[in-house]
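Spelled out from the first residue to the last, the chains are:
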Amino acid sequence: MEVSDFSSKDSTSPVRRRTGVDPISAVKMPERLTEAVDAWAEAHRLTRSDAICKLIELGLKLALPVSAPAHPVVSDATKIEEIAVHEIELLLDPALPPDERERRIRRLTEGPPEFSHERFDLPKQRP
């Protein structure tokens, strides 16, 4: 049985040369955009690949930075409910006990329990 020697290189096998250290990324563009990139590359004496890189870098420099919101994202429904609770609190008698105030606010914001099965915004309870 013959064992191949991995350390010896066959002189007839093709040598793969690394063209760069960056990974290759394919870009799919419409024909008109490709023509515009090629024209820009020719005007700046660049290859298409280098032109695409430069154009993307320029676009990213001009783009507005994406900032994280100062407050967590709150849905419109939550905002509306908060406003409703605030307005209801203003209308309720301040002499009411806190638990009665909470019950009334909950009943007005969630609706009476008899109609909870009609609400499409609430999760359905399984029987």
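See the structure above.
Just so you know, these numbers come straight off a predicted model, no measurement behind them. (Residues numbered from 1 in each chain as written. Predicted model: local features only at pLDDT ≥ 70, side-chain atom pairs only at ≥ 80, totals over all residues. Heavy atoms only, no water.)

**Description of the overall build of the protein chain**
Helix and strand counts for the protein chain stand at four helices and zero strands. Put simply, the protein chain has 127 residues, and 9% of those count as buried. For the protein chain, restricting intrachain contacts to residue pairs at least 6 apart in sequence, the fraction spanning at least 24 positions comes to 5%. Carbon and sulfur atoms make up 59% of the accessible area of the protein chain, which amounts to about 12,700 Å² in all. (Helix = DSSP H or I, 4+ residues; strand = E, 2+ residues; numbered from the N terminus. Buried < 20%, exposed > 50% of the residue type's maximum accessible area, 1.4 Å probe, protein only. Contact = heavy atoms within 4.5 Å. Areas by Shrake-Rupley, 256 points an atom, 1.4 Å probe, with all protein chains shown as cover.)

**Some details on the pattern of salt bridges**
Counting across every chain of the model gives three salt bridges. Here R48 makes a salt bridge to D38, at a shortest N to O gap of 2.7 Å. In this pair, R48 sits in helix α2 (residues 48-62) while D38 sits in helix α1 (residues 31-43), placing the two residues ten residues apart along the sequence. A residue is classified by how much of its surface remains accessible, and D38, at 28% relative accessible area, is partly exposed. (Salt bridge = Lys/Arg side-chain N within 4 Å of Asp/Glu carboxyl O.)

**Concerning helix α4 (residues 98-110)**
A rise of 1.5 Å per residue sets the reference length of α4, with its 13 residues, at 18 Å; its end C-alpha atoms lie 18 Å apart and thus fit the reference within 8%. Restricting attention to buried positions, one finds in α4 the residues E100, R101 and I105. Angularly, the buried residues of α4 cover 135 degrees about the axis, an arc narrow enough to put them on a single face. Each element contacted by the buried residues of α4 is listed here: α3 (76-91). Phi turns positive, to about 90 degrees, at G111, one or two residues after α4. (Expected span 1.5 Å × (residues − 1). Arc of directions from axis to C-beta.)

**Focus: the packing of α1 against α2**
Helices that pack against each other are described as a pair by the angle of their axes relative to one another and the distance between those axes. At a minimum axis distance of 9 Å, the contact between α1 and α2 shows a crossing angle of 95 degrees. By the criterion of interaxial angle, the relationship of α1 to α2 is roughly perpendicular. Contacts from T34, V37, D38, W40 and A41 of α1 reach α2 at R48, A51, I52, K54, L55 and L58. In terms of residue class, the contact of α1 with α2 is made up of seven nonpolar, one polar and three charged. (Axes fitted to C-alpha atoms, helices over the stretch in contact; angles between N-to-C directions. Parallel < 35°, antiparallel > 145°, perpendicular 65-115°, else oblique. Nonpolar A, V, L, I, M, F, W, Y, C, P; charged D, E, K, R; others polar.)

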